[in-house]
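Summary of structural features
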Amino acid sequence: MSYTVIYAGTFDPITNGHLDIIERAAKLFGNVIVAVAKNPSKQPLFSLEERTLLVKQSCVHLSNVQAVGFSGLLADFAVQHQAKALIRGIRGSDDIEYEIQLAQLNEQLEEGLETIFLPPAVQWRYLSSTMVREIYRHQGDVTQFVPPFVLNALKEKE
């Protein structure tokens, strides 16, 4: 049986850490939807359309992965796409408590909606989109942290 799972986030921008989680999920599940969140409480560097396009470009080599922009409740999005589970990346102990709370809340909103936690590979464990934006803002080299499409998009934002 082929399961659909959702990996949601703002992906502002997508990093190699995100890509690591997506690639590993793509090996485990039949269909992975990368749900790019609008998230009105944040002020992203890239628009929802730009972030969705960057995810699509970064995942072009993965035939069972699609990127979709969304707003609203993730549990509702999961129901609309008949997803069996949510994939969540956890970088360390700071993430765990918050992610468990989200998992429990999503399961309460949609009974049976599971959450699967995947830690990124060791070399990406510390990496976040916020860190990438901060390094880039201070003229640091982010080449090793993001896919090539993202590096070009960051340069265009200058």
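Residues numbered from 1 in each chain as written. Predicted model: local features only at pLDDT ≥ 70, side-chain atom pairs only at ≥ 80, totals over all residues. Heavy atoms only, no water.

1. Details of the UniProt feature "binding site: substrate" (unreviewed entry) in the protein chain
- The positions that UniProt labels "binding site: substrate" (unreviewed entry) are, in the present scheme, Thr10, Lys42, Leu74 and Arg88.
- Inspection of the secondary structure puts Thr10 in the loop between strand E1 (4–9) and helix H1 (16–28).
- Beyond its immediate stretch of four places on either side in the chain, Thr10 contacts Val36, Ala37, Asn39, Lys42 and Arg51.
- Mapped onto the fold, Lys42 is located in the loop between strand E2 (31–37) and helix H2 (48–58). (UniProt positions renumbered as here; feature names shortened; annotations may be inferred. Helix = DSSP H or I, 4+ residues; strand = E, 2+ residues; numbered from the N terminus. Contact = heavy atoms within 4.5 Å.)

2. Comments concerning H1
- The terminal C-alpha atoms of H1, which comprises 13 residues, lie 18 Å apart, in line with the 18 Å expected from a rise of 1.5 Å per residue.
- Among all positions in H1, only Asn16, Gly17, His18, Leu19, Asp20, Ile21, Ile22, Ala25 and Ala26 are buried. (Expected span 1.5 Å × (residues − 1). Buried < 20%, exposed > 50% of the residue type's maximum accessible area, 1.4 Å probe, protein only.)

3. Examining a negative patch on the surface
- On the surface, a cluster of negative charge is contributed by Asp76, Glu107, Glu110, Glu111 and Glu114.
- Within the secondary structure layout, Glu114 lies in strand E5 (residues 114–118).
- Note on Glu114: relative accessible area 48%, which makes it partly exposed. (Patch = residues over 30% accessible without salt bridge, like charges linked within 9 Å, V, L, I, M, F, W, Y side chains within 5 Å. Areas by Shrake-Rupley, 256 points an atom, 1.4 Å probe, with all protein chains shown as cover. Salt bridge = Lys/Arg side-chain N within 4 Å of Asp/Glu carboxyl O. Lys, Arg positive; Asp, Glu negative; His and termini not counted. Charge placed at Lys NZ, Arg CZ, Asp CG, Glu CD.)

4. A word on the packing of aromatic side chains
- If you walk through the whole model with that rule in mind, you get 3 aromatic pairs.
- Ring centres of Phe70 and Phe77 lie 4.7 Å apart, and the angle between their planes is 35°; on these two criteria the pair is classed as tilted. The two residues Phe70 and Phe77 agree in class, both being buried.
- Taking the centre distance of 6.4 Å and the plane angle of 85° together, the rings of Tyr126 and Phe145 count as edge-to-face. (Phe/Tyr/Trp six-rings, centres within 6.5 Å; stacked < 30°, edge-to-face > 60°.)

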